[in-house]
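The lines below spell out each chain.
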Amino acid sequence: MPQRILVVDDEAHILQVLSLKLRNAGYEVLTAVDGEEALEYATRQTIDVVISDYQMPYMTGLDLCRALARNPATANVPVLLLTARGHTLDPEDLTLRNIRDVLSKPFSPRAVVDLVQRLLDGAAGGASPRVRSEVA
Amino acid sequence: MKAGKISSLLLVLLITALATVVRVFLMDAQSDLDASVVSQAVGFASVVAGASFIVLAPVGIAIDRAIANLRRGIEGASDANTPVFSPGMRLMRPVARAFTATVDVFRQREQSLRSQLSDLEIRHRVSEAERRQIEAVLHALRDAVIVTDAFNEIVMANQAAANILGFDRKTSIHKPIDEVISDTTLCTLIRDARDTANFTDTRHVEHTVSDPKAKPGRAQAGQGAAGTVYDVTLACVENHKREVAGVVTILHDLTRERELSQMKSDFVSKASHELRTPLSSIRAYVEMLVDGEATDEGARHEFYRIMQNETERLSRLIDNMLNISRIEAGIVQIDRENVDIKALVARAAHTIEPQAREKRITLHQRMADVDLTVEGDADMLYQVVLNLMSNSVKYTPEGGRVTVAADSDNLTRSVLVSVSDTGLGIPPDALPRLFDKFFRVENYKRVAKGTGLGLSLCKHIVETVHHGQIGVDSKLGMGSKFWFSVPMTYAGARAAA
């Protein structure tokens, strides 16, 4: 059974390009246009990785991470954040356990697929890539 | 008086001579001397007395005169314009000369003292004028300035200091800082600066001063954070003996600088986000094409179309940003000419028509039957009308109506253009920020794409370039009416500004 990736972004083009890239890489992809929709998907079915934009209306990517972390069913789902805000993100905000990596926009779809692959391998091996990169 | 004394002396001499004669006569009478001896003695004494009188009287008179002259001379010496005196007698000349010399010395001293005095008076007036000037400068400053002496007593404080720290300026002079300034931290800073006596470096400290008008009870109730942040500059002043003469303390309000810096970083952050978003799409789709992820011609065509749209979005964004910046910096090229607003609206309506037709939105034009010509930049005004109409079409659901109207206002000598729609309307909380850079109504981000700069640019064109006014009336769910007015003549525009 293919692993399921949830992509969250308010930009339709980004959803479209990431879905295609991930599907071509053999994953099953769900898309959501905001945090609320994403939470609904995440609580209803098993998600292996969440890729979320940071700046979205109603609920930011960070809010989504917090909400996922609060729910025991989704607390362990690794999240990959995409941000167009450059270096203006407060590192303090990124200490949430489920945030495994942050990618700056404009991003390379290739790099996203690589990261997803690493996240899933890491989860299988019991250690997150974030932890590994800290050790290294 | 002195002449009188000389005469008295002569009289005493005469009496003494007579007394001697009488005494000799009496002694002789007792010792039985004969009368001739007595008469001889009397005669001799009389001759002596007479001779003495004849010889000494003119001498006495001359001495009297000389002394009188001397007296007049001395008395007149206080008047610098009269010569000291002409010596009346040879005998007195050395005295007169010595006295004249002494008086001359004193007169010279007096002269130099007088010139020193007037010099000092001039210097005093100059320094007084300078002091007033410096005080005027200090009082005109918005920064608080407090000058304290070596005993930490206030020498000078300007009105800003009194206002910021909440004390009475006039009664503060020569009082210890602790009695005048309630801000204990500031008092400690001033005392420390005085004690460290560092003349080479000025010290800068960031310090929050709570509002002196705020009730102390409220400040204690956890509202101490409310206050104004100041940059406190402390400079030690030294006297001629290289000792501490006092401390100059300056409080500079950092609020405006903080706001500007915050605005700048907000702008950079928002601009960066807005620029990165279309760029992300372009980069991602280019990579997809390079990696051969688009399997068929249809998908490839779709990718090209998205890349083209996003590229256009990016260049529109950059154009808007640059135009706003140019207007803000006052370096925009403005071509003022007579602009026919009716023709301009018709042209914009023609451009918007296909978009409106796509959504089955009817476009109405209601032009007043009067001349609607304004002096302005045709291209810029066209951009405003096109932008407002494009927004209306974007945020009006299918089958709606957009009405553009133009009329003249003779009272203000301006032309008023409005664009009304039957669209979504704008939430009241969004209205005040609608014309801000990069502001977008959260709920509508998905309704239509935008840079968040269109209305900000319109506001700049109408208000900064044309000295007009722009605004919006809107009710949520009932549609919006955007309007702007531009003065008919540039002279009128400038007069109104």
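Look up a bit, the structure's there.
An account of the accompanying structure is given in this report. (Residues numbered from 1 in each chain as written. Chains lettered and ligands numbered in written order. Predicted model: local features only at pLDDT ≥ 70, side-chain atom pairs only at ≥ 80, totals over all residues. Heavy atoms only, no water.)

## Considerations on the overall build of chain A
Thinking step 1. Within chain A, the regular secondary structure consists of five helices and five strands.
Thinking step 2. When the helices and strands of chain A are listed from N to C terminus, the series reads β-α-β-α-β-α-β-β-α-α.
Thinking step 3. Counting only residues that meet the buried cut, chain A has 50% of its 136 residues in that class.
Thinking step 4. Taking all contacts inside chain A whose residues are at least 6 apart in sequence as the whole, residues at least 24 apart take part in 60%. (Helix = DSSP H or I, 4+ residues; strand = E, 2+ residues; numbered from the N terminus. Buried < 20%, exposed > 50% of the residue type's maximum accessible area, 1.4 Å probe, protein only. Contact = heavy atoms within 4.5 Å.)

## Comments concerning the overall build of chain B
Thinking step 1. Helix and strand counts for chain B come out as 14 helices and 12 strands.
Thinking step 2. Counting the 497 residues in chain B, one finds 36% classified as buried.
Thinking step 3. Taking the intrachain contacts of chain B between residues at least 6 apart in sequence as the baseline, contacts between residues at least 24 apart amount to 61%.
Thinking step 4. Carbon together with sulfur atoms contributes 56% to the accessible area of chain B, which is approximately 29,700 Å² in total. (Areas by Shrake-Rupley, 256 points an atom, 1.4 Å probe, with all protein chains shown as cover.)

## Section: a nonpolar patch on the surface
Residues and elements named next belong to chain B.
Thinking step 1. Residues Leu-13, Val-55, Leu-56 and Val-59 make up a contiguous nonpolar surface patch of roughly 320 Å² in combined accessible area.
Thinking step 2. With three residues, the top contributor of residues to the nonpolar patch is helix H2 (residues 35-76).
Thinking step 3. Note on placement: Val-59 falls in helix H2.
Thinking step 4. Classification of Val-59 by relative accessible area gives partly exposed; the value is 38%. (Patch = residues over 30% accessible without salt bridge, like charges linked within 9 Å, V, L, I, M, F, W, Y side chains within 5 Å. Salt bridge = Lys/Arg side-chain N within 4 Å of Asp/Glu carboxyl O.)

## Some points on the pattern of salt bridges
Thinking step 1. Scanning all chains against the criterion turns up 26 salt bridges over all chains.
Thinking step 2. As a salt-bridge pair, Glu40(A) and Arg44(A) come within 2.9 Å of each other at their nearest N and O atoms. Of this pair, Glu40(A) and Arg44(A) both sit in helix H2 (residues 35-44), four residues apart, roughly one helical turn.
Thinking step 3. When its relative accessible area of 44% is taken as the criterion, Glu40(A) is described as partly exposed.
Thinking step 4. You can call Arg44(A) exposed: its relative accessible area is 59%.
Thinking step 5. Between Arg66(A) and Asp63(A) there is a salt bridge whose closest N-O contact spans 3.1 Å. Residue Arg66(A) and its partner Asp63(A) are located together in helix H3 (residues 61-70), separated by three residues, close to a single helical turn.
Thinking step 6. Since its relative accessible area comes to 28%, Asp63(A) is described here as partly exposed.
Thinking step 7. Residues participating in the shared-partner salt-bridge network are Lys21(A), Arg110(A), Glu287(B), Asp291(B) and Glu293(B).

## Examining the interface of chain A and chain B
Thinking step 1. Contact with chain A, which involves 25 residues of that partner, is made by 24 residues of chain B.
Thinking step 2. Run the count over chain A and chain B and you get five salt bridges.
Thinking step 3. Inspection of the chain A/chain B interface yields 15 residue pairs in polar contact (both at pLDDT 80 or more).
Thinking step 4. Only helix H1 (12-24) and helix H4 (109-125) of chain A provide two or more residues apiece to the side of chain A that touches chain B.
Thinking step 5. Residues that form the side of chain A that touches chain B fall into these classes: 11 nonpolar, eight polar and six charged. (Polar contact = N/O pair within 3.5 Å; in protein donor to acceptor, adjacent residues only side chain to side chain. Nonpolar A, V, L, I, M, F, W, Y, C, P; charged D, E, K, R; others polar.)

## Some thoughts on the environment of Arg110(A)
Thinking step 1. Within the fold, Arg110(A) resides in helix H4.
Thinking step 2. Overall, the relative accessible area of 41% leaves Arg110(A) in the partly exposed class.
Thinking step 3. Along the primary structure Arg110(A) and Lys21(A) are separated by 89 residues, whereas in three dimensions their C-alpha atoms are 7.8 Å apart.
Thinking step 4. A polar atom in the side chain of Arg110(A) sits 2.7 Å from the side chain of Asp291(B).

## Topic: helix H7 (residues 184-196) of chain B
All names here are of chain B.
Thinking step 1. For H7, built from 13 residues, the straight-helix expectation of 18 Å at 1.5 Å per residue is met to within 8% by its first-to-last C-alpha distance of 18 Å.
Thinking step 2. Turning to H7, its buried residues number three or more, namely Leu-186, Cys-187, Leu-189, Ile-190 and Ala-193. All buried residues of H7 lie within an arc of 160 degrees about the axis, which places them on one face of the element. Exposed side chains of H7 directed beyond 90 degrees from the buried face belong to Thr-184, Asp-195 and Thr-196.
Thinking step 3. Packed against the buried residues of H7 are strand S1 (144-149), helix H4 (159-165), helix H6 (177-180), strand S3 (203-209), strand S4 (228-238) and strand S5 (244-253).
Thinking step 4. Structurally, the start of H7 carries an N-cap: the backbone nitrogen of Thr-185 is 3.2 Å from a side-chain oxygen of Asp-183.
Thinking step 5. Looking one or two residues past H7, Ala-197 carries a phi angle of roughly 50 degrees, positive in sign. (Expected span 1.5 Å × (residues − 1). Arc of directions from axis to C-beta.)

## Description of unusual backbone geometry
Thinking step 1. Across the junction of Lys105(A) and Pro106(A), the peptide omega takes the value 0 degrees, indicating a cis bond.
Thinking step 2. Structurally, the position occupied by Pro106(A) is in the loop between strand S5 (99-104) and H4.
Thinking step 3. The residue Phe438(B) is not glycine, and still its phi comes out positive at about 65 degrees.
Thinking step 4. When you line up the elements, Phe438(B) lands in the loop between strand S10 (414-421) and helix H13 (454-465).
Thinking step 5. Taking the relative accessible area as the measure of exposure, Phe438(B) reaches 7% and is therefore buried.

## With respect to the environment of Met92(B)
Residues and elements named next belong to chain B.
Thinking step 1. When you line up the elements, Met-92 lands in the loop between H2 and helix H3 (93-140).
Thinking step 2. Judged by its relative accessible area of 15%, Met-92 is buried.
Thinking step 3. Counting along the chain gives 23 residues from Met-92 to Asn-69, while the straight-line C-alpha distance between them is 9.8 Å.
Thinking step 4. Not counting residues within four places of it along the chain, the set of residues in contact with Met-92 comprises Ala-66 and Ile-67.

## Brief notes about the environment of Thr83(A)
Residue and element names in this part refer to chain A.
Thinking step 1. By secondary structure assignment, the location of Thr-83 is in strand S4 (residues 79-83).
Thinking step 2. With a relative accessible area of 2%, Thr-83 lands in the buried category.
Thinking step 3. In sequence terms Thr-83 and Lys-105 are 22 residues apart; their C-alpha atoms lie 5.5 Å from each other.

## Let's talk about the side chain of Thr396(B)
Residues and elements named next belong to chain B.
Thinking step 1. Residue placement: Thr-396 occurs in the loop between helix H12 (378-394) and strand S9 (401-409).
Thinking step 2. Judged by relative accessible area, which is 1%, Thr-396 ranks as buried.
Thinking step 3. A polar contact of 2.5 Å, which involves the side chain of Thr-396, links it to the backbone oxygen of Ser-392.
Thinking step 4. Contact partners of Thr-396, with chain neighbours within four places excluded, come to Lys-359, Ile-361, Arg-401, Val-402, Asp-421, Thr-422 and Gly-423.

## Describing the side chain of Asn152(B)
Thinking step 1. Among the structural elements, Asn152(B) can be located in the loop between S1 and strand S2 (154-157).
Thinking step 2. Asn152(B) has contacts with Lys175(B), Pro176(B), Ile177(B), Ile190(B), Arg191(B) and Arg194(B), leaving out every residue within four places of it along the chain.

## A look at the sheet that holds S2(B)
Residue and element names in this part refer to chain B.
Thinking step 1. Reading across the sheet, the five strands line up as S2-S1-S5-S4-S3 and stay open at both edges, with antiparallel pairing between neighbours. A strand with exactly one partner marks an edge of an open sheet, and here the two such strands are S2 and S3. Between one strand and the next, the sheet's axes are offset by a mean angle of 20 degrees, whatever the strand orientation.
Thinking step 2. By the bridge criterion, nine bridges tie S4 to S5 in an arrangement that is antiparallel. (Pairing = 2+ DSSP bridges. Axes fitted to C-alpha atoms, helices over the stretch in contact; angles between N-to-C directions.)

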